[in-house]
Amino acid sequence: RVILALALACCVACDAKPRPTWARGGPEATAPSAPSAPAPEVARDVPAPPAPPLVLAPEGQPPEGGWPVIAMLHGYNSNHEDFRDLAALAREHGAVAVSVPAPIVNAPGRYQWHRDDRALTHAYLQRALAGALTGRPHSPRVWLVGFSQGGLWAALLTASGRAARAASRP
């Protein structure tokens, strides 16, 4: 019952189509900072995505500072197309949505994220996002979201980025 209620709440919220605060601009329009550059110890080659990321961007004049970016990470043994509907909704509300395929190929169209290599996963996402956003007016800030294994990586990368920023403060 709880899952059904949450799903219905989500559908009701999506149907209302409010303009998100971050898409309107203003002092409250802050998103988490974009991940920093990969740690220097990542010397090995960072793989290219096994398929082109799904990129849906708004049309028209971008806001000052560029369109906000939402990076989407899919679940284990799935693919980036799972976020097509959510990416369309993000585009409709004024954000560039980039759904990135995980780097490890399990089968045709089925991918997974690394299990324990935070630095390599971070570098991989930086490479995939840089390629997907080239030539598109976008904000330097990135919202990172995910589902299942992608959700785990979104949380881990966000937490490690916050920890690194906190540790670098005097």
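Note that the structure is a prediction, hence the values are computed from the model and not measured.

## Digging into the sheet that holds strand β1 (residues 54–56)
Alright, step 1. Strand order in the open sheet made by the 4 strands is β1-β3-β2-β6, with mixed pairing throughout. Two strands lie at the open edges of the sheet, namely β1 and β6 (138–146), each paired on one side alone. The sheet shows a mean angle of 20° between the axes of neighbouring strands, taken without regard to direction.
Alright, step 2. In this structure, β1 lies alongside strand β3 (residues 96–100), joined through 3 bridges in antiparallel fashion. Paired with Leu 56 across the bridge in β3 is Ala 97.
Alright, step 3. Along the sheet face, helix α3 (residues 84–92) touches β1, β2 (67–73) and β3 and points at about 25° away from the line of β1.
Alright, step 4. Contacts between helix α4 (residues 118–133) and the sheet are confined to β1, β2, β3 and β6, with β3 contributing the most and set at about 135° to the helix.

## Let's talk about the environment of Arg 141
Alright, step 1. You can see Arg 141 is positioned in strand β6.
Alright, step 2. Expressed as a C-alpha distance, the spacing of Arg 141 and Gly 66, which sit 75 residues apart in the sequence, is 9.7 Å.

## Structural notes on the pattern of salt bridges
Alright, step 1. Following the criterion strictly, the structure yields 1 salt bridge and no others.
Alright, step 2. As a salt-bridge pair, Glu 81 and Arg 84 come within 2.7 Å of each other at their nearest N and O atoms.
Alright, step 3. The partly exposed category is assigned to Arg 84, whose relative accessible area is 37%.

## Structural notes on the confidence of the model for the chain
Alright, step 1. Across the chain, the average pLDDT comes to 80, with 71% of residues at 70 or higher.
Alright, step 2. For residues 1–43, every residue scores under 50 in pLDDT, and the model assigns this stretch 43 contacts once sequence neighbours within four places are set aside.

## Considering the packing of aromatic side chains
Within a pair of aromatic rings, the relevant descriptors are the distance that separates the centres and the angle that separates the planes.
Alright, step 1. Here the structure, examined in full by the defined rule, presents 1 aromatic pair.
Alright, step 2. Ring geometry for Trp 113 against Tyr 124: centres 6.0 Å apart, planes inclined by 75°, an arrangement best described as edge-to-face. Of this pair, Trp 113 sits in the loop between β5 (110–112) and α4 while Tyr 124 sits in helix α4; the two residues are 11 residues apart in sequence, bridging distant segments of the chain. Take Trp 113 and Tyr 124: they sit in the same class, and that class is buried.

## Some details on α4
Alright, step 1. For α4, with 16 residues, the first-to-last C-alpha span of 22 Å sits near the 22 Å given by 1.5 Å per residue.
Alright, step 2. Buried within α4 we find Leu 120, Thr 121, His 122, Ala 123, Tyr 124, Leu 125, Ala 128, Leu 129, Ala 132 and Leu 133.
Alright, step 3. Taken from the residues just after α4, Gly 135 is the one with a positive phi, measuring 80°.

Each value, and the rule that gives it
- Residues numbered from 1 in each chain as written.
- Predicted model: local features only at pLDDT ≥ 70, side-chain atom pairs only at ≥ 80, totals over all residues.
- Heavy atoms only, no water.
- Pairing = 2+ DSSP bridges.
- Helix = DSSP H or I, 4+ residues; strand = E, 2+ residues; numbered from the N terminus.
- Axes fitted to C-alpha atoms, helices over the stretch in contact; angles between N-to-C directions.
- Contact = heavy atoms within 4.5 Å.
- Salt bridge = Lys/Arg side-chain N within 4 Å of Asp/Glu carboxyl O.
- Buried < 20%, exposed > 50% of the residue type's maximum accessible area, 1.4 Å probe, protein only.
- pLDDT = per-residue confidence, 0-100.
- Phe/Tyr/Trp six-rings, centres within 6.5 Å; stacked < 30°, edge-to-face > 60°.
- Expected span 1.5 Å × (residues − 1).

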